[in-house]
Amino acid sequence: MFTGNIISKFKGIQTPFYYYDLEVLNQTLQKLKKESGKYGFFVHYALKANADNKILDIIKSYNLGADCVSGNEVKKAIECNFSPEHIVFAGVGKSDAEINCALDNNIFCFNCESLQELEVINDLAFKKNKNAGIALRINPNVNANTHKYITTGLEENKFGINLWELATVVNAVKKLKNLQLIGLHFHIGSQIMDLNSFKSLCLRVNEIQNWFAVRKIKIENINVGGGLGVNYHEPDTNLIPDFEVYFKLFNDFLELRPRQKVHFELGRSITAQCGTLISKVLYVKNGVNTNFAILDAGMTELMRPALYQAYHKIENLSKMENGKLRMENGNQPLAIQKYDVVGPICESSDCFGKAVSLPETMRGDLIALRTAGAYGEVMSSAYNLRDRVKAFYSNEI
Ligand SMILES: *Cc1c(COP(=O)(O)O)cnc(C)c1O
């Protein structure tokens, strides 16, 4: 990704900042469209992964729908010209104001997570003399085999309607006259690398579909959520996720009823690899058993490592050439040392990596934190009263 003399492009830009390679984003979207299109699957982009205006404009241009988890995300999707009939709205805690906003915008579907939520949406829709399209978010009790903080499809998680509650909820929905049951929704977690988890999901969806068929309830839409993982360890050789295998798996294992439409909600797999957090080394300090490379970026710019021990590949761009480690005196590679790479924030969890192997690193070196295009900029904060991080794009610098 960092071919050519990227350092000279970054010269004069105040660090830290996000750098988005729009070529990578476009290639990812092209592949996504091609592979999902083979089976007529419809993909909604999960705005929460990255809601940058330029990124959203590009994603919109590929005619994806939008998957929103707040009223402001619904508003943002509308502002960015996603059509309301392709907007879905999920979340365990939708406020009345958020529900009203979604009703006013006539979105396609509310993905509903509890009986009480269904009753509230029905009341609010009644007051507006509207019918709300709803999908039941069912907790399939399938393990995503990912970090526990980003696992959402187990009974112990707060998300969705549990299987044992299904009969009660379905009976209640029948009596809620301003709701229209148009689908079933599932989302088992994020950063899922073990595709067997998706196969287990498909098999569970098939069982649940039978449950509805026995009760003669017609379901038009099956939404299997998102969660496809990306390769944080080897980004350059895996810039584009394997959408081919992913979509084929759903085609192979989902047993669909006639005219059923399948929806996906992908976030991370679309935007993660196109984004990099660029930072500068402020100081190098010797510790007891380690050296510290202290960056001008911290958990305020990229929170994932502090939040759930996430790994991001760290590269010293000042010691690289054409994406590879620079050679010294012709053909000797630079000596490698270990560093704890940390940020400036007053929290011990403000650490991007321990014992990271890097070529000898100095004050002023440019450091890249790779695969930061999803759940990066969107989670940035102003903690410690820091400036909000800026973004730059490959077609502008
Ligand atoms: C976060 C989320 C997604 C997107 O997950 P990714 O792992 O980024 O693909 C999809 N659907 C729902 C309901 C979500 O909460």
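Residues numbered from 1 in each chain as written. Predicted model: local features only at pLDDT ≥ 70, side-chain atom pairs only at ≥ 80, totals over all residues. Heavy atoms only, no water.

**With respect to the packing of helix 7 (residues 166-175) against helix 8 (residues 196-214)**
When two helices pack together, their arrangement is given by the angle between their axes and by how far apart the axes lie.
Alright, step 1. Remark: helix 7 packs on helix 8, axes separated minimally by 13 Å, with the N-to-C direction vectors making an angle of 50°. On the basis of their axis angle, the class for helix 7 and helix 8 is oblique. Here helix 7 and helix 8 pass one another in a crossing that is right-handed. Where helix 7 approaches helix 8, its residues Leu166, Ala167 and Val170 are matched on the opposing element by Ile208, Trp211 and Phe212.
Alright, step 2. In the contact of helix 7 with helix 8, the residues fall into six nonpolar, no polar and no charged. (Axes fitted to C-alpha atoms, helices over the stretch in contact; angles between N-to-C directions. Helix = DSSP H or I, 4+ residues; strand = E, 2+ residues; numbered from the N terminus. Parallel < 35°, antiparallel > 145°, perpendicular 65-115°, else oblique. Left-handed = near helix turned anticlockwise from the far one by under 90°. Contact = heavy atoms within 4.5 Å. Nonpolar A, V, L, I, M, F, W, Y, C, P; charged D, E, K, R; others polar.)

**A few points about helix 7**
Alright, step 1. Every buried residue belonging to helix 7 is among Leu166, Val169, Val170, Ala172 and Val173, and all of these are buried. Seen from one end, helix 7 has its buried residues packed into an arc of 160°, which puts them on one side. Exposed side of helix 7, more than 90 degrees from the buried face: Thr168, Lys174 and Lys175 are the residues found there.
Alright, step 2. Lining the buried residues of helix 7 we find helix 6 (115-127), strand 6 (132-139), strand 7 (161-162), strand 8 (179-185) and helix 8. (Buried < 20%, exposed > 50% of the residue type's maximum accessible area, 1.4 Å probe, protein only. Arc of directions from axis to C-beta.)

**A few points about the packing of aromatic side chains**
Alright, step 1. All chains considered together, the criterion is met by 18 aromatic pairs.
Alright, step 2. Ring plane angle 35° and centroid distance 5.3 Å describe the contact between Tyr39 and Phe41, whose orientation is recorded as tilted.
Alright, step 3. The buried category is assigned to Phe41, whose relative accessible area is 8%.
Alright, step 4. Between Phe41 and Phe264, the ring centres sit 5.1 Å apart and the planes meet at 45°, which makes this aromatic pair tilted. You can see Phe41 sitting in the loop between helix 2 (22-37) and strand 2 (42-46) and its partner Phe264 sitting in strand 10 (residues 261-266), a full 223 residues away along the chain. The two residues Phe41 and Phe264 agree in class, both being buried.
Alright, step 5. Among the aromatic residues, those joined into a cluster by ring pairs are Tyr39, Phe41, Phe198, Phe243, Tyr246, Phe247, Phe250 and Phe264. (Phe/Tyr/Trp six-rings, centres within 6.5 Å; stacked < 30°, edge-to-face > 60°.)

**Some remarks on the site of the ligand**
Alright, step 1. Near the ligand there are 15 residues, and of these Lys48, Ser190, Glu265, Arg268 and Tyr375 occur at the shortest range.
Alright, step 2. One nitrogen or oxygen atom from the side chain of Glu265 is found 2.7 Å from a nitrogen atom belonging to the ligand.
Alright, step 3. A distance of 2.5 Å separates an oxygen atom of the ligand from a polar side-chain atom of Tyr375.
Alright, step 4. Protein coverage of the free-state accessible area of the ligand, which is 390 Å², stands at 94%.
Alright, step 5. Of the residues in the shell around the ligand, the class split is four nonpolar, six polar and five charged. (Near = heavy atom within 4 Å. Polar contact = N/O pair within 3.5 Å; in protein donor to acceptor, adjacent residues only side chain to side chain. Areas by Shrake-Rupley, 256 points an atom, 1.4 Å probe, with all protein chains shown as cover.)

**A word on the environment of Glu244**
Alright, step 1. Structurally, Glu244 can be placed in helix 9 (residues 243-253).
Alright, step 2. If we ignore the near neighbours within four places in the chain, the residues touching Glu244 are Lys31, Glu35 and Lys38.

**Overview of the domain arrangement of the protein chain**
Alright, step 1. Per the domain assignment, the segments of the protein chain are domain 1 (4-17 + 273-393) and domain 2 (22-271).
Alright, step 2. Taken over C-alpha atoms, the centre of domain 1 sits 34 Å from the centre of domain 2.
Alright, step 3. If you look at the interface, domain 1 gives 21 residues, while domain 2 gives 24 residues.
Alright, step 4. For the pairing of domain 1 and domain 2, the buried interface totals around 2,100 Å² over both sides, and the portion due to carbon and sulfur atoms is 55%.
Alright, step 5. Considering only the side of domain 1, the residues that lose the most area to domain 2 are Gln273, Tyr375 and Tyr393, jointly responsible for 34% of the buried surface there.
Alright, step 6. At the junction of domain 1 and domain 2, the tally comes to one salt bridge.
Alright, step 7. Between domain 1 and domain 2 we count nine residue pairs in polar contact (both at pLDDT 80 or more) in total.
Alright, step 8. Looking at the side of domain 1 that touches domain 2, the elements with two or more residues in it are helix 11 (304-308) and strand 21 (390-393).
Alright, step 9. For the side of domain 1 that touches domain 2, the element with the highest residue contribution is helix 11, accounting for three residues.
Alright, step 10. The residue inventory of the side of domain 1 that touches domain 2, partitioned by class, reads nine nonpolar, seven polar and five charged. (Domains from an automatic or database assignment. Buried area = accessible area lost by both parts, 1.4 Å probe. Salt bridge = Lys/Arg side-chain N within 4 Å of Asp/Glu carboxyl O.)

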